[in-house]
Amino acid sequence: MSKYKLFLLRHGEGAWNKENRFCSWVDQKLSEDGVKEAQDCGRLLKEQGYKFDLVFTSILSRSIQTAWLVLEAMGQEWVPVVKSWRLNERHYGSLIGLNRTEMALQHGDEQVKLWRRSYDITPPPIDESHPYFLEIYNDRRYTTCDVPKENLPRAESLKEVLDRLLPYWDSTVVPEIKNGRTVLISAHGNSCRALLKHLEGVSDEDIANVTLPTGIPVLLELDENLKPVKPRQLLGDQAKIQAAIKKVEDQGKAKPST
């Protein structure tokens, strides 16, 4: 029987989602479509009668902006928002800023899929010659982390995302859920996928096929041990959700399937 409800949300579309580029730790605001996705998500959650007690986000603007817009559309702006770098998007290393389709033409669809969707393959690390290195590591937000700036990732596999996310989940998020609070995690495609892998016990192989579209809330119903009692539910118009999933899956292909 379901004891707790947990909501996961991949932020609304960002400017670089639209351009099909690896955004990762580069700080981008939502696109116009992303703003609408977040507002629509909030309206949907309000219509379905959900109320949040606490929201967790990363320290990237698109995650925070999505949370604000969702809460505003729900009329719940007062709900506390807690931010942590441990919910950041996966660090794509030297791939940051590159266009996925161009990379697929250069390296092949399979290599790009491995970099994007595999569990334990880490892309080449970012270094000081990278055009976005200083923009990321000189950003003041990274002086607020619970690890020294020099110990922050330079590239991550999905496994490494889960490794840095789990201590925060266990120490900070889980106690709130077990205190009966309804929690929304407004984060990123890979931090949400990593958490789904942990909660649902998805295999290392099968996680490659788990796709979360932007701006679509995911409902998990959990028992007292925080184990799912039913399959995850992507809330909203199911035909639109399937089209959005296909759009995400096509991002890393040399030529989208038809």
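See the structure printed just above.
One structure accompanies this document, and this report is about it. Remember, it's a predicted structure, so these values are computed and weren't measured experimentally.

Things to note about helix H7 (residues 158-178)
Next, step 1: Across its 21 residues, H7 extends only 26 Å between first and last C-alpha, which sits more than 12% below the 30 Å expected from 1.5 Å per residue.
Next, step 2: Among the residues of H7, those classed as buried are Leu158, Val161, Leu162, Arg164, Leu165, Tyr168, Trp169, Val173, Val174 and Ile177.
Next, step 3: Looking at the buried positions of H7, the neighbouring elements they touch are strand E1 (4-10), strand E2 (54-57), strand E3 (81-83), strand E4 (183-187) and helix H8 (189-200).
Next, step 4: Following H7 by one or two positions, Gly180 has its phi on the positive side, about 90 degrees.

Focus on the sheet that holds E1
Next, step 1: Spatial ordering of the open sheet is given by E3-E2-E4-E1-E5-E6, a layout of six strands whose pairing is mixed. Each edge of the sheet is formed by a strand with only one pairing partner; in this case those strands are E3 and strand E6 (233-234).
Next, step 2: Where strand E5 (residues 217-222) meets E6, two bridges bridge the pair, whose relative direction is antiparallel. What sits directly across from Val218, in E6, is Leu234.
Next, step 3: Along the sheet, H8 makes contact with E1, E4 and E5, crossing E1 at roughly 150 degrees.

Some details on the side chain of Gln65
Next, step 1: Of note, Gln65 is situated in helix H3 (residues 61-74).
Next, step 2: Leave out the neighbours within four places in its chain, and Gln65 touches Lys29, Leu30 and Val35.

A look at the packing of helix H2 (residues 32-47) against H3
Next, step 1: Close contact between H2 and H3 brings their axes to 7 Å; oriented N to C, the two are set at 40 degrees. One way to sum up the angle between H2 and H3 is to call them oblique. Like other packed secondary-structure pairs, H2 and H3 cross with a definite hand, here right-handed. On H3, the residues touching Val35, Ala38, Gln39, Cys41, Gly42, Arg43, Leu45 and Lys46 of H2 are Gln65, Thr66, Leu69, Val70, Ala73 and Met74.
Next, step 2: Taken together, the residues that form the contact of H2 with H3 break down as eight nonpolar, four polar and two charged.

With respect to the packing of H7 against H8
Next, step 1: Between H7 and H8, whose axes approach to 9 Å, the crossing angle comes to 75 degrees. By the angle between their directions, the pair H7 and H8 is classed as roughly perpendicular. Residue-level inspection shows Leu158, Val161, Leu162, Leu165, Leu166 and Trp169 of H7 in contact with H8, the latter providing Asn190, Ser191, Arg193, Ala194, Leu195, His198 and Leu199.

The rules we used
Residues numbered from 1 in each chain as written. Predicted model: local features only at pLDDT ≥ 70, side-chain atom pairs only at ≥ 80, totals over all residues. Heavy atoms only, no water. Helix = DSSP H or I, 4+ residues; strand = E, 2+ residues; numbered from the N terminus. Expected span 1.5 Å × (residues − 1). Buried < 20%, exposed > 50% of the residue type's maximum accessible area, 1.4 Å probe, protein only. Contact = heavy atoms within 4.5 Å. Pairing = 2+ DSSP bridges. Axes fitted to C-alpha atoms, helices over the stretch in contact; angles between N-to-C directions. Parallel < 35°, antiparallel > 145°, perpendicular 65-115°, else oblique. Left-handed = near helix turned anticlockwise from the far one by under 90°. Nonpolar A, V, L, I, M, F, W, Y, C, P; charged D, E, K, R; others polar.

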